[in-house]
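Below are the chains, spelled out letter by letter.
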Amino acid sequence: MLRTLPVLLLTVNLAVGSSSPGDVLSPSYNKSNSSGVQRLPDAIIIGVRKGGTRALLEMLNLHPDVKVAKAEVHYFNVEDHYKRGLAWYRSQMPFTKPGQLTLEKTPGYFAAPQVPARVWALNPAARLLLIVRDPAERLVSDYTQVLHNRLARRKPYRPLEELLLCKGHVDPDYKALQRSLYHRHLARWLEVFPREQIHVVDGDALVRDPYPELRQAERFLELPTHIGPQNFYYNSTKGFYCLLEAGREKCLDQSKGRPHAPLDGLAFRKLCHYLAKPNRLFFDMVGRTFSWC
Ligand code: A3P
């Protein structure tokens with residue numbers, strides 16, 4: 001069943017984190033200025049989509065030794081970008097001084113089969129950050145984002161139950177479901193990169209209390225301790241932690257943490273049941289468990 005647009009729900013999603021690959025990219029190439037030069041990334045947040053990738057990037061950006069590419073670059077997963085070559089990729093990076101680490105995030109990398117080998121070919125020493133959250137919640141968040149984008153473009157949409165279930169069973173072809181099968185995607189990365197080069201961040205824990213996750217990420221990136229609890233405050237209006245730096249407050253934009261689209265209880269339970277085995281396989285791969293549904 002297709003539904004027509006409820007006009008009141010229309011909100012245009014202007015978040016950089018959910019931008020399409022081609023936008024907000026600067027045309028400059030490998031320039032240097034007083035802030036340093038543009039270097040290829042030392043570390044990449046590879047996913048997962050809707051896992052908290054923007055929050056992790058912005059939080060790591062609080063560190064003086066970290067410089068981040070603000071926009072998602074989509075270099076390794078979008079052929080048009082990949083064909084532009086390394087000079088173009090480097091031109092998307094921030095300016096850094098010696099000793100500063102360059103970080104980019106593109107959540108689309110995690111599930112794209114061609115990406116691990118391409119990253120390895122560029123930099124076999126790259127450090128990879130993977131932020132995961134409860135894959136059932138992630139799926140609903142993924143659907144909600146697509147829904148908002150469709151509403152903004154005045155396109156019809158289908159309710160989540162219709163996309164998720166086929167004849168009463170979870171439909172394995174539903175793309176948002178496939179993106180939640182973390183073990184499948186991680187297996188491809190582990191064919192290429194050693195486990196020690198992939199740091200798993202608990203996205204649900206990052207929401208509850210960002211500091212401990214940031215501390216572990218700093219350690220993984222071999223950064224001196226800098227980020228502390230003083231860098232975060234809980235914003236009860238937003239319902240999330242926001243960032244504090246040099247007296248300035250910064251919350252993520254409204255596309256992060258918006259109310260999720262509804263999914264009926266039975267369908268949600270079917271989804272959790274379906275995900276139980278993939279989740280266990282993922283836990284075995286990463287050597288830890290998460291309290292997911
Ligand atoms: P929801 O919108 O489903 O709540 P990404 O940046 O990868 O698209 O992830 C978006 C998710 O980041 C949001 O999902 C939200 O839960 C999570 N998040 C984590 N920390 C956050 C923070 N401090 N502020 C806002 N959202 C945060």
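The structure this text deals with has already been given above.
Here the structure is a predicted model, which means the values were calculated and not measured.

Caption draft 1: Examining the sheet that holds strand β13 (residues 248-250) more closely. Strand order in the open sheet formed by three strands is β11-β12-β13, and the pairing between neighbours is antiparallel. The sheet is open, and its two edges are formed by β11 (232-235) and β13, each paired on a single side. When the angles between neighbouring strand axes are averaged without regard to direction, this sheet yields 35°. Relative to β13, strand β12 (residues 240-245) is paired through three bridges, and the arrangement is antiparallel. Note on β13: the bridge partner recorded for Leu243 is Lys250.

Caption draft 2: Broad picture of the packing of aromatic side chains. Counted by the stated rule, this structure contains 17 aromatic pairs. Ring geometry for Phe283 versus Trp292: centroids 5.3 Å apart, planes at 50°, classification tilted. Look at Phe283 and you get buried, because its relative accessible area is 14%. Trp292 gets classed as buried once you look at its relative accessible area, which sits at 11%. Chaining the aromatic ring pairs together yields one cluster made of Tyr75, Phe76, Tyr82, Trp88, Tyr89 and Tyr109. The ring of Tyr82 carries Arg118 above its face, with NZ or CZ at 3.8 Å from the centroid.

The rules behind the values
- Residues numbered from 1 in each chain as written.
- Predicted model: local features only at pLDDT ≥ 70, side-chain atom pairs only at ≥ 80, totals over all residues.
- Heavy atoms only, no water.
- Pairing = 2+ DSSP bridges.
- Helix = DSSP H or I, 4+ residues; strand = E, 2+ residues; numbered from the N terminus.
- Axes fitted to C-alpha atoms, helices over the stretch in contact; angles between N-to-C directions.
- Phe/Tyr/Trp six-rings, centres within 6.5 Å; stacked < 30°, edge-to-face > 60°.
- Buried < 20%, exposed > 50% of the residue type's maximum accessible area, 1.4 Å probe, protein only.
- Lys NZ or Arg CZ within 6 Å of the ring centre and 35° of its normal.

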